[in-house]
Amino acid sequence: MSNGQAHIAARTRTLQGVQILGTGSYVPDNIVSNLDLQDTLGFDPEWIVNRTGIHERRFALPHQATSDLCTQAARRCLESAECDPADVDLIVLATFTPDMAFPSTGNLVQDRLQLNCPAFDVQAACAGFIFALVIGSQFVATGNARRALVIGGDCNSRVINPGDQKSYPLFGDGAGAVLLGPGSEEQGLVAYQLGSDGSGGDLLNRPAGGSRLPPSAETVEQGLHYLTMDGRAIFKWAVRILADSTLAVLNHGQRSVADVKWFVPHQANVRIIHAASDVLGFQRDAVFKNLERYGNTSAGSIPIALDELHRSGRIDPGDLLVASGFGSGLNWGTVLFRW
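The paragraphs below set out a description of the structure included in this document. (Residues numbered from 1 in each chain as written. Predicted model: local features only at pLDDT ≥ 70, side-chain atom pairs only at ≥ 80, totals over all residues. Heavy atoms only, no water.)

Moving on to the overall build of the chain. If you tally the helices and strands in the chain, you get 10 helices and 14 strands. Oriented by its inertia axes, the alpha-carbon framework of the chain measures out at about 55 × 45 × 40 Å. Each of the 339 residues in the chain was classed as buried or not, and the buried ones make up 56%. Within the chain, residue pairs in contact and separated by at least 24 positions form 78% of the contacts whose partners lie at least 6 positions apart. Accessible surface computed for the chain: about 14000 Å², of which carbon and sulfur atoms make up 48%. Looking at charge distribution, the chain has the averaged site of its 26 positive side-chain charges lying 5 Å from that of its 34 negative ones. (Helix = DSSP H or I, 4+ residues; strand = E, 2+ residues; numbered from the N terminus. Buried < 20%, exposed > 50% of the residue type's maximum accessible area, 1.4 Å probe, protein only. Contact = heavy atoms within 4.5 Å. Areas by Shrake-Rupley, 256 points an atom, 1.4 Å probe, with all protein chains shown as cover. Lys, Arg positive; Asp, Glu negative; His and termini not counted. Charge placed at Lys NZ, Arg CZ, Asp CG, Glu CD.)

This is the structure in structure tokens:
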């Protein structure tokens with residue numbers, strides 16, 4: 001296997017007895033439209049819409065970092081669940097744009113919320129929230145946590161290259177959160193799949209800033225601290241992995257597309273979403289999309305979508321939904337979840 005050409009292996013699992021008690025999300029107030037990018041950087045608004053489906057995105061204000069976005073989303077989630085913060089006994093936070101290398105962004109959020117619980121980060125890029133959701137569900141399902149706060153958030157505007165007209169318009173900033181608790185035997189992860197193919201890591205990465213290539217004047221001058229992406233290769237891989245992993249969880253859960261109320265794919269590119277949903281046979285009105293307003297918020301993408309669905313009353317107890325994240329790593333995570 002190389003360059004992201006992993007074959008889906010039989011690694012689907014089931015993890016039920018868990019429910020989502022509440023949701024929350026937060027996006028910065030700073031709206032950056034395609035016209036803004038045309039005025040400031042000379043980008044073509046029509047190209048952006050035709051190639052990605054994105055009309056605008058949110059960028060964090062200068063004083064904001066990933067922990068600020070995640071803290072706001074977490075607060076709204078706890079309010080939604082009517083949960084006393086003292087009852088939270090775990091934080092799992094997914095991000096690939098932490099405030100700093102250490103301490104973890106989860107620790108910063110834990111302190112901001114004054115919670116008495118362990119907190120840690122998960123780094124699986126755009127699949128991060130699904131990885132964190134499965135981890136948090138494991139703690140709840142085994143009885144080792146009663147209230148697990150699972151957060152996904154990123155400040156992509158801090159790592160994208162304004163000189164890259166193909167990748168810069170794709171990304172935005174935002175965060176979302178869900179609160180997990182014990183549920184009925186039917187609730188939770190009817191089926192899930194987590195996968196990785198590190199051989200495709202060079203297709204989407206940020207070369208400098210770690211122990212391999214520490215930050216220096218030279219790395220900054222060369223732009224190595226910015227995200228780099230082979231868009232064509234990632235597009236092909238994403239369509240295939242989104243369709244294949246969704247079929248795998250449906251088959252494992254002995255369900256069909258017709259049983260699913262909502263298909264909630266990672267909001268990376270409308271062409272990826274449409275191509276995969278057409279292959280799978282999802283009707284467009286069952287496919288949730290909000291990327292036209294937010295762009296690709298990485299780990300924030302799926303929990304923001306879940307919060308919008310939940311708050312608008314479009315998810316009812318017992319509904320089945322499929323959520324799938326995919327991206328750098330290469331990583332993917334797909335769940336068939338009963339609300």
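With that settled, the discussion passes to the nonpolar core. Core analysis: the biggest nonpolar cluster contains 42 residues, and Trp237, Phe263, Ile272, Phe282, Phe326 and Leu336 have the highest contact counts within it. Taken together, the elements giving at least two residues each to this core come down to β9 (188–196), α7 (231–252), α8 (270–280), β13 (320–327) and β14 (331–338). The leading source of residues in this core is α7, at nine residues. In this structure, Phe282 is in contact with Thr246, Val257, Val260, Phe263, Ser277 and Val287, ignoring residues within four places of it in sequence. Counting 37 residues, the second largest nonpolar core, distinct from the first, contains Ile20, Val140, Leu309 and Trp339. (Core = buried A, V, L, I, M, F, W, Y, C linked by side-chain atoms within 4.5 Å.)

This part takes up the sheet that holds strand β1 (residues 13–16). With respect to topology, five strands assemble into an open sheet ordered β1-β9-β14-β13-β12, the strand pairing being mixed. Edge strands, defined here as strands with exactly one partner in the open sheet, are β1 and β12 (262–265). Across the sheet, the axes of successive neighbouring strands diverge by a mean angle of 15°, strand direction being ignored. Where β1 meets β9, three bridges bridge the pair, whose relative direction is antiparallel. Each bridged residue has a counterpart across the sheet, and for Arg13 the counterpart in β9 is Tyr192. (Pairing = 2+ DSSP bridges. Axes fitted to C-alpha atoms, helices over the stretch in contact; angles between N-to-C directions.)

Right, let's talk about helix α4 (residues 105–113) for a bit. Thr105, Gly106, Leu108, Val109, Gln110 and Leu113 are the residues of α4 that are buried. Of the surrounding elements, those touching the buried residues of α4 are α3 (66–81), β5 (90–94), β6 (119–122) and β7 (148–155). Count one or two residues on from α4 and you reach Gln114, which has phi positive near 55°.

Applying the stated criterion across every chain, the model contains zero disulfides. Cysteine Cys155 shares no disulfide, and the gap to the nearest cysteine sulfur, in Cys70, comes to 8.1 Å. (Disulfide = S-S within 2.5 Å.)

Our next topic: the pairing of β6. Relative to β6, β5 runs parallel, the two being bridged by four bridges. Each bridged residue has a counterpart across the sheet, and for Val92 the counterpart in β6 is Phe120. Crossover handedness for the path β5 to α4 to β6: right-handed. (Right-handed = clockwise from strand over helix to strand, strands pointing away.)

Along the polypeptide, Leu108 turns up in helix α4. Beyond its immediate sequence surroundings of up to four residues, Leu108 is in contact with Ser67, Asp99, Met100 and Pro103.

Here we take up the environment of Leu61. Tracing the sequence through the fold places Leu61 in the loop between β4 (56–58) and α3. Setting aside anything within four residues of it in sequence, one finds Leu61 in contact with Asn30 and Arg158.

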